[in-house]
Amino acid sequence: MTEKLTDRTALDPLLANGWALADGRDALQKTYTFANFINAFGWMTSAAIVAEKMNHHPEWSNVYKTVNVTLTTHDADGITELDVKLAQAMDRLAG
Ligand SMILES: C[C@H](O)[C@H](O)[C@H]1CNC2=NC(N)=NC(=O)C2=N1
């Protein structure tokens, strides 16, 4: 089973790129804003394919052109390398 991240410096590049630590739980959060709804949903579709391939799924909500994302590993009850990897992939897809 993937273990909770011990070397938290691995989060630094993400924290410098719009991610933040959630309040009250060990999770990463980011709000993405796209040009319009279709771009937001298209990004969600691409990210969903990556998540499914990783078998690691986001907690996310979409309102019009905004997507709020929370990443944590439920099996580990905290942030693991899977969350870092998915966050990096999401940022790559967002351009
Ligand atoms: C059975 C299935 O493999 C597990 O529930 C996977 C699915 N996707 C997951 N996604 C996330 N974010 N955390 C998990 O612990 C997790 N576990």
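These numbers were taken from a predicted model, which means no experiment stands behind them.

Q: Can you walk me through the sheet that holds strand β1 (residues 20-21) in this structure?
A: Think of a sheet as strands paired side by side through backbone hydrogen bonds, with each pair either parallel or antiparallel. Pairing within the open sheet is antiparallel, and its four strands lie in the order β1-β2-β4-β3. Single-partner strands in this sheet number two, and they are β1 and β3 (59-63). Here β1 runs beside strand β2 (residues 28-33); their pairing, made up of two bridges, is antiparallel. Residue pairing in the sheet places A20 in a bridge with Q29 of β2. Its contacts with the sheet place helix α2 (residues 37-54) against β2, β3 and β4 (66-71), and it is angled at close to 160 degrees to β3. Docked against the sheet, helix α3 (residues 81-94) engages β2, β3 and β4, running at close to 10 degrees with respect to β2.

Q: How do you make sense of the nonpolar core when you look at a structure like this?
A: Nonpolar side chains in soluble globular proteins generally cluster together in the buried interior. Within the largest apolar cluster, 21 residues are counted, with the highest numbers of intra-cluster contacts made by W19, W43, V69, L71 and M90. It is α2 that contributes the most residues to this core, six residues altogether. Once residues lying within four places of it in the same chain are set aside, the contact partners of L71 are W19, A27, L28, P58, I79, D83, L86, A87 and M90.

Q: Explanation requested: the packing of aromatic side chains in the structure shown.
A: Here a ring pair, both rings aromatic, is described through the centre-centre distance and the interplanar angle of the planes. The full count for this structure, using the stated rule, is six aromatic pairs. Ring centres of F34 and W43 lie 5.3 Å apart, and the angle between their planes is 35 degrees; this geometry places the pair in the tilted category. Among the aromatic residues, ring-to-ring pairing joins W19, Y32, F34, W43 and W60 into one connected group.

Q: When you look at the site of the ligand in this model, what are you seeing that I'm missing?
A: In the vicinity of the ligand, the contacting residues are N55, H56, H57, T72, T73, H74 and D75. One of the side-chain nitrogen or oxygen atoms of H57 is found 2.8 Å away from a nitrogen atom of the ligand. Between the ligand and the protein, one listed contact pairs a nitrogen atom with a backbone N or O atom of H74 at 3.1 Å. Contact with the protein chains covers 64% of the free accessible surface of the ligand, which is 400 Å². One can see that the ligand is located within the largest pocket.

Each value, and the rule that gives it
Residues numbered from 1 in each chain as written. Predicted model: local features only at pLDDT ≥ 70, side-chain atom pairs only at ≥ 80, totals over all residues. Heavy atoms only, no water. Pairing = 2+ DSSP bridges. Helix = DSSP H or I, 4+ residues; strand = E, 2+ residues; numbered from the N terminus. Contact = heavy atoms within 4.5 Å. Axes fitted to C-alpha atoms, helices over the stretch in contact; angles between N-to-C directions. Core = buried A, V, L, I, M, F, W, Y, C linked by side-chain atoms within 4.5 Å. Buried < 20%, exposed > 50% of the residue type's maximum accessible area, 1.4 Å probe, protein only. Phe/Tyr/Trp six-rings, centres within 6.5 Å; stacked < 30°, edge-to-face > 60°. Near = heavy atom within 4 Å. Polar contact = N/O pair within 3.5 Å; in protein donor to acceptor, adjacent residues only side chain to side chain. Areas by Shrake-Rupley, 256 points an atom, 1.4 Å probe, with all protein chains shown as cover. 1 Å grid on protein atoms, 1.4 Å probe; cavity = no way out; pocket = protein on both sides within 12 Å on 5 of 7 lines; lining within 4 Å. Sits in = over half its atoms within 2 Å of the grid points.

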